[in-house]
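As a plain string of letters, each chain reads:
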Amino acid sequence: MSKTLPVTVGLGDTNALIKVYIANRPMPYQHLSVCQPIVIGDIAELGRACGNGWRKVFNVYAKLVFALQAQDIKLASGTPNWQHYRDNHLLQAGSATALLFSPPVLDEQQQAIQIISGRTYANALNKQQSLGLFWLTPEFAVNPRYRLFVCPYFDYRQLSNDKIGYLQSLLGEYLAQPCGDTKHD
């Protein structure tokens with residue numbers, strides 16, 4: 001008997017390898033019930049329609065994916081900079097990225113990198129279902145079994161370039177381990 005996975009709701013590639021979970025939704029997507037890819041121009045339009053906060057979320061996401069090239073995660077290869085990646089690839093069909101409004105999937109078999117944006121949101125999710133998080137710092141946590149990471153909210157003030165670098169190295173450290181070989185179980 002196969003188990004049914006929960007429906008993921010958000011923006012991006014339904015087969016994402018990097019899934020970012022966020023507590024709020026941009027206004028045009030309040031009633032979204034599936035994972036829907038965006039097209040070129042949607043990020044700029046969302047920034048205009050929904051404000052600077054959403055533009056920051058997309059910028060930080062693009063910066064992280066661009067930085068992950070150093071960890072051999074080459075989703076942004078062939079793009080000259082993170083801005084080009086954001087505008088032409090992020091959250092589009094085939095991009096392997098998604099911004100999700102539903103809770104993370106706790107399945108040891110899934111291979112996606114799952115990142116919860118914000119400690120407050122992670123704590124709220126942890127009350128709904130035990131995420132088994134190991135807090136490395138007051139802002140960063142991990143559960144390697146589910147390839148689940150927590151970082152500060154995707155905003156320049158909270159997830160600065162230095163903290164993006166720390167998250168990038170953290171992902172590299174944990175993803176280099178064979179599945180099941182976890183430091184903090």
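Going along each chain's sequence as written, the residues are numbered from 1 onward. In view of the model being predicted, local features appear only for residues whose pLDDT reaches at least 70, and side-chain atom pairs are presented and counted only at 80 or more, with totals across whole chains, interfaces and linings using the full set of residues. With hydrogens and water stripped out, all remaining heavy atoms of the structure feed into the side-chain values.

Trainee: Give me the overall build of the chain: which residues, what numbers.
Mentor: Secondary structure follows DSSP: runs of H or I at least 4 residues long count as helices, runs of E at least 2 residues long count as strands, and numbering of each begins at the N terminus. For the chain, the count of helices and strands is five helices and eight strands. Referenced to the eigenvectors of the C-alpha coordinate spread, the extents of the chain come out at roughly 45 × 35 × 30 Å. Taken over 185 residues, the chain has a buried fraction of 48%. Residues are treated as being in contact if the distance between any of their heavy atoms lies within 4.5 Å. Sequence separation of at least 24 residues holds for 67% of the intrachain contacts in the chain that already meet a minimum separation of 6. To measure how exposed things are, a 1.4 Å probe is used in the Shrake-Rupley method; for residues, cover is taken only from the protein chains shown. When the accessible surface of the chain is summed, it comes to about 9100 Å², and 51% of that surface belongs to carbon and sulfur atoms. When charges are tallied, Lys and Arg are placed among the positive residues and Asp and Glu among the negative ones, while His and the ends of the chain are skipped. All charge positions are set by atom: Lys at NZ, Arg at CZ, Asp at CG, Glu at CD. In the chain, which carries 16 positive and 13 negative side-chain charges, the distance between the mean positions of the two groups comes to 6 Å. Burial classes: relative accessible area under 20% of the type maximum marks a residue as buried, over 50% as exposed, and values in between as partly exposed (1.4 Å probe, protein chains only).

Trainee: Lay out the packing of aromatic side chains in plain terms, naming residues and giving numbers.
Mentor: Note on aromatic contacts: the rings of Phe and Tyr and the six-membered ring of Trp form a pair at centre separations within 6.5 Å, being stacked when their planes are under 30 degrees apart, edge-to-face when over 60 apart, and tilted otherwise. Counted under the stated rule, the structure contains four aromatic pairs. Ring centres of Y61 and F154 lie 5.9 Å apart, and the angle between their planes is 85°; this geometry places the pair in the edge-to-face category. Highlighted residues: Y61 in helix α2 (residues 52–67) and F154 in the loop between β8 (148–151) and α5 (161–175), separated in sequence by 93 residues. For Y61, a relative accessible area of 0% gives the class buried.

Trainee: I'd love a proper account of the packing of α2 against α5, names of residues and values included.
Mentor: A packed helix pair is summarised by two numbers, namely the angle formed by the two axes and the spacing between the axes. Note on method: axes are straight lines fitted to C-alpha atoms, helices fitted across the in-contact stretch only, with angles between N-to-C directions ranging 0 to 180 degrees. At their nearest, the axes of α2 and α5 sit 10 Å apart, and the two run at 45° to each other. Relative to α5, the element α2 lies oblique. Crossing hand, α2 versus α5: right-handed. Residues V60, K63, L64 and A67 of α2 touch α5, and the partners they reach there are N161, I164, L167, Q168 and L171. For this classification, the nonpolar set comprises Ala, Val, Leu, Ile, Met, Phe, Trp, Tyr, Cys and Pro, the charged set comprises Asp, Glu, Lys and Arg, and every other residue, Gly included, is treated as polar. Within the contact of α2 with α5, the residues separate by chemical class into six nonpolar, two polar and one charged. By definition in this entry, angles of less than 35 degrees are roughly parallel, angles greater than 145 are roughly antiparallel, angles of 65 to 115 are roughly perpendicular, and the rest are oblique. By the definition used in this description, the sense in which the near helix is turned from the far one sets the handedness, with an anticlockwise turn below a right angle giving left-handed and a clockwise turn giving right-handed.

Trainee: An account of α2 is requested, with residue identities and associated values reported.
Mentor: What a helix is expected to span follows from its residue count: subtract one and scale by 1.5 Å. Over its 16 residues, α2 runs 22 Å from end to end, which matches the ideal 22 Å to within 8%, given 1.5 Å per residue. Residues W54, K56, V57, F58, N59, V60, Y61, A62, K63, L64 and V65 constitute the buried set of α2. Turning to α2, the residues buried within the fold contact β2 (18–21), α1 (42–50), α3 (82–88), β4 (97–100), β5 (113–117) and α5.

Trainee: Residue-level account of the nonpolar core, with values.
Mentor: The definition of a nonpolar core used throughout is a set of buried Ala, Val, Leu, Ile, Met, Phe, Trp, Tyr and Cys residues joined through side-chain atoms within 4.5 Å. Counting 40 residues, the largest nonpolar core has Y61, L99, I115 and F154 as its most contacted members. Residue assignment for this core shows that the elements contributing at least two residues are β2, α1, α2, α3, β5, β8 and α5. The greatest single-element share of this core, amounting to eight residues, is contributed by α2. With residues near it in sequence (within four places) discarded, L99 still touches V9, G10, L11, V20, I22, W54, V57, F58, Y61 and L91. Listed in part, the 15 residues of the second largest apolar core include L133, A141, L148 and V150.

Trainee: Quick rundown of the environment of D155? Include the residues and the values.
Mentor: Tracing the chain through its elements places D155 in the loop between β8 and α5. Residue class for D155 comes out buried when judged on its relative accessible area of 6%. With near-sequence residues (within four places) excluded, D155 lies in contact with K56, V60 and S160.

Trainee: I'd love a proper account of the confidence of the model for the chain, names of residues and values included.
Mentor: pLDDT expresses how confident the predictor is about each individual residue, on a scale running from 0 to 100. When the pLDDT values of the chain are averaged, the result is 90; 91% of them are 70 or greater. Long-range and interchain partners of residues 179–185, a stretch whose pLDDT sits below 50, account for twelve contacts in this model, where long-range means more than four residues apart.

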